Amino acid sequence: MMGTFIAELYKVLTRPRSYIGIASIVALVVLIDTSFYFTGKQYIDLLFQNFDPVFRMSGQVVNGNLICFIILQTLIIQLPLLVALVTGDLISGEAAMGTLRYALATPVSRSRFIITKWATALSYVLCILLVLGVFAYLLSLVVFGPGDLLVLNADGLVVIRQDQLPWRFAAAFVYAFISLSAVASLSLMFSAFASNSIGPIVLTMVVIIVFTVISSFETGFFDPVMPFLFTNHMHLWRRLFSDPVPMGEILRSGAILVAHIAAFLGITLWHFNRKDIIE
Amino acid sequence: MSSQEPVISIKGLRKAYGTQVALAGLDLNVGRGEIFGLLGPNGAGKTTLIRILIGLIRPDQGTVTCFGETGTGVLKHQLSRIGCIVEEPRFYPYLSGTDNLWVASKSQTAHIGKQRINEMIDLVGLAGRGHQRVGTYSQGMRQRLGIARALLHDPEVVILDEPTNGLDPSGIVELRKLIIQMRDTMGKTVILSSHILSEVEQMADGMALLNKGLCVSQGRVSELLNAEQLSVSLSTDDDEAGMKVLRNLGLSPTLSDSISFDADRKSLPSIVRSVTEAGVGIYRLEHRRRLEEFFMRMTER
């Protein structure tokens, strides 16, 4: 199992496409850091202008923690696309290249093949998040320095002390990993059904967009399905920056995401084990 | 050389894609240690059969007995004893030839080291090119790399689907030698699916002709090509007189460099006797059942 996993990882890491996501993240983080370095003060003034008569903010408001939080909020929307770009191609790309038949004409069982692909997809997600974490968190801290985090959310303005931040960011990255693993598992499932590279990537994005649009409707019509739309649970990492942290809600959403991952993987295994490889 | 013990035995194999029947109850035996030619027109079921033999397709009915074990298809663990080229060899174009073989080696149960990979690269004549990306390879080089991959894990059975595609004439000759070497030196069973009938005629010990999902003829190549109707070529000292005698016997001879006609195997001695009794000297007689003729006749049925 380890041998096939290493070979899969090697295939992903030697493929130019895999670096589109990583390069985009690095470029965007550098751009955001640069823009905040020059115009961060104006941005914060604009953001908090309504509080001006009530609060007086002192200290280093534009700090590494705030920039990291803003980067996370900005990029977390784009990350599913960057993940699907690689994971949606893992099986269908092999079918399109004609290498799938050679990969399966071996003693490796189809279940093991899928599990290996899935583990590779999750490793890529981890890799993307590590790059994001290192660049967004560490680079921002180096450039802007540490400080307390001011978060404006549904509960109002929350100030989180600096010593409370490392575990919250770490937990946010773990939660983001689970969220993106759901996206990776979904695109891998589509990939098992398809024989071209583009279809599963586009379909994954369509599902995320449609679910997100449905989530934004406040008519009540979609309320019964809302808890089952995995996209509704993907943004819960933000709640880790509330005070107090609603752990029950976060864990429940995390469990729903894990259930989705299991369901997507189960469907992939079920279908692929019955599929005739005729490409 | 070959023994008659079947290494693969197929019984009543059926496979349909919707309403389209690809295999309609196929029976087939492949002897151990032989080169076995698999022939048939497009849509005869050759590719479906090969894909069943390497576990890509599950048959609807029938059994496959492989290395003494019987299942509805080839069992997964048996694939460590089978190597293949299916339709055409495909690789990861962004990896080198050597890296492609390394990736393939990781799917095998046995440990395959760098030395073995380099040996295979050398064997197929890609020495010095293994480090180049496969995307830069010609079709012939990919074909050679495909052979290397098929042999990498030292399988007992090698399935080659159109293996000479894309090879230049010298490459074809080298590959033929390699296929014969696989049988004679390495002791492998080679299943050779090819549209080039002369290739099968030259190399194969046994063969099966598939048509419309059934095996319409199977046996030793030498026996199949010399049984029943023969294609006779006759060189005489008086071709005109020879032609006349043959016409009188109810045959339809044609004359080019020599007299050619089709005749029943059993009647050939009396035909020769009639020609010589008419005072026509025969200084060369060849009779063969040519594979092209055999192929056409069997698939037109």
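Worth saying up front: this structure is predicted, and the values here are computed from it rather than measured.

A. A look at the sheet that holds strand β10 (residues 214-220) of chain B. Residue and element names in this part refer to chain B. Ordered by their spatial adjacency, six strands build an open sheet running β6-β7-β8-β3-β9-β10, and the pairing between neighbours is mixed. Both outer strands of the open sheet, β6 (82-85) and β10, are each paired with one neighbouring strand and no more. Between one strand axis and the next, the sheet turns by 15 degrees as a mean value, whatever way the strands run. Looking at chain direction, strand β3 (residues 35-39) and strand β9 (residues 206-211) are connected through four bridges and run parallel.

B. Just the interface of chain B and chain A, in detail. Across the contact, 31 residues belong to chain B and 29 residues belong to chain A. Taken together, the two surfaces of chain B and chain A that pack against each other cover about 2600 Å², and 59% of this comes from carbon and sulfur. The largest contributions to the chain B side of the interface with chain A come from L56(B), K76(B) and Y94(B), which together make up 24% of the buried area. The shortest N-O distance in the salt bridge between D276(A) and K15(B) comes to 2.5 Å. Sort the elements by how many residues they give to the side of chain B that touches chain A and helix α2 (residues 97-105) of chain B lands first, with three residues. Tallied by class, the residues present in the side of chain B that touches chain A amount to 16 nonpolar, five polar and ten charged.

C. Expanded view of empty space enclosed by the protein. Using the criterion set out here, one finds two cavities of 30 Å³ or more in the structure. Estimated volume of the largest cavity: approximately 340 Å³. Lining the largest cavity are 26 residues; nearest its centre among them are Y102(A), A103(A), T106(A), A104(B) and S107(B). Only α1 (2-13), α6 (100-104) and α7 (110-144) of chain A together with β6, α2 and α4 (139-151) of chain B provide two or more residues apiece to the lining of the largest cavity. A class-by-class count of the residues in the lining of the largest cavity yields 13 nonpolar, ten polar and three charged. By volume, the second largest cavity is sized at about 130 Å³. Along the wall of the second largest cavity there are 15 residues; nearest its centre are V12(A), R15(A), D89(A), L90(A) and Y94(B).

D. Spatial organisation of the packing of aromatic side chains. Scanning the entire structure with this criterion turns up 13 aromatic pairs over all chains. For the pair F221(A) and F222(A), a centre-to-centre distance of 5.1 Å together with 85 degrees between the ring planes defines the contact as edge-to-face. The ring of F272(A) has R110(A) lying over it, and the distance from NZ or CZ to the ring centre is 5.9 Å. In this arrangement the basic side chain of R81(B) is found over the ring face of F67(B), its NZ or CZ atom lying 4.0 Å from the centre.

E. Layout of the nonpolar core. Counting residues in each nonpolar core, the largest one holds 156 residues, and the members touching the most others are L132(A), F230(A), F241(A), I8(B) and L49(B). With 15 residues, helix α8 (residues 165-193) of chain A is the single largest residue contributor to this core. The residues contacting L132(A), other than those within four sequence positions of it, are I25(A), V29(A), I71(A), L72(A), L75(A), L79(A), Y137(A) and F173(A).

F. Looking closely at unusual backbone geometry. With omega at 0 degrees, the peptide bond leading from D243(A) into P244(A) counts as cis. If you trace the backbone, P244(A) turns up in the loop between α10 (231-234) and α11 (247-274). The phi dihedral of E87(B) falls on the positive side, at around 60 degrees, and the residue is not glycine. Of note, E87(B) is situated in the loop between β6 and α2. Positioned with a positive phi, E162(B) is a non-glycine residue whose angle comes to about 50 degrees. For E162(B), the location among the structural elements is in the loop between β7 (157-161) and α5 (169-184). You can call E162(B) buried: its relative accessible area is 9%.

G. Up close: the sheet that holds strand β5 (residues 69-71) of chain B. All names here are of chain B. Pairing is antiparallel in the open sheet, where four strands are placed in the order β2-β1-β4-β5. Every interior strand has two partners, whereas the edge strands, β2 (20-31) and β5, have only one. The average angle at which neighbouring strand axes cross in this sheet is 15 degrees, direction not considered. Of the strand pairs in this sheet, strand β1 (residues 6-17) and strand β4 (residues 61-66) are connected by five bridges, and their pairing is antiparallel. Bridged to I10 within β4 is V64. Seen against the sheet, helix α1 (residues 46-53) touches β1, β2 and β4 and runs at an angle of roughly 120 degrees to β1.

Cut-offs and rules
Residues numbered from 1 in each chain as written. Chains lettered and ligands numbered in written order. Predicted model: local features only at pLDDT ≥ 70, side-chain atom pairs only at ≥ 80, totals over all residues. Heavy atoms only, no water. Pairing = 2+ DSSP bridges. Helix = DSSP H or I, 4+ residues; strand = E, 2+ residues; numbered from the N terminus. Axes fitted to C-alpha atoms, helices over the stretch in contact; angles between N-to-C directions. Contact = heavy atoms within 4.5 Å. Buried area = accessible area lost by both parts, 1.4 Å probe. Salt bridge = Lys/Arg side-chain N within 4 Å of Asp/Glu carboxyl O. Nonpolar A, V, L, I, M, F, W, Y, C, P; charged D, E, K, R; others polar. 1 Å grid on protein atoms, 1.4 Å probe; cavity = no way out; pocket = protein on both sides within 12 Å on 5 of 7 lines; lining within 4 Å. Points joined across faces, edges and corners; volume = space filled by probe spheres on them. Phe/Tyr/Trp six-rings, centres within 6.5 Å; stacked < 30°, edge-to-face > 60°. Lys NZ or Arg CZ within 6 Å of the ring centre and 35° of its normal. Core = buried A, V, L, I, M, F, W, Y, C linked by side-chain atoms within 4.5 Å. Buried < 20%, exposed > 50% of the residue type's maximum accessible area, 1.4 Å probe, protein only.

Any functional reading would require information that these geometric values do not contain.
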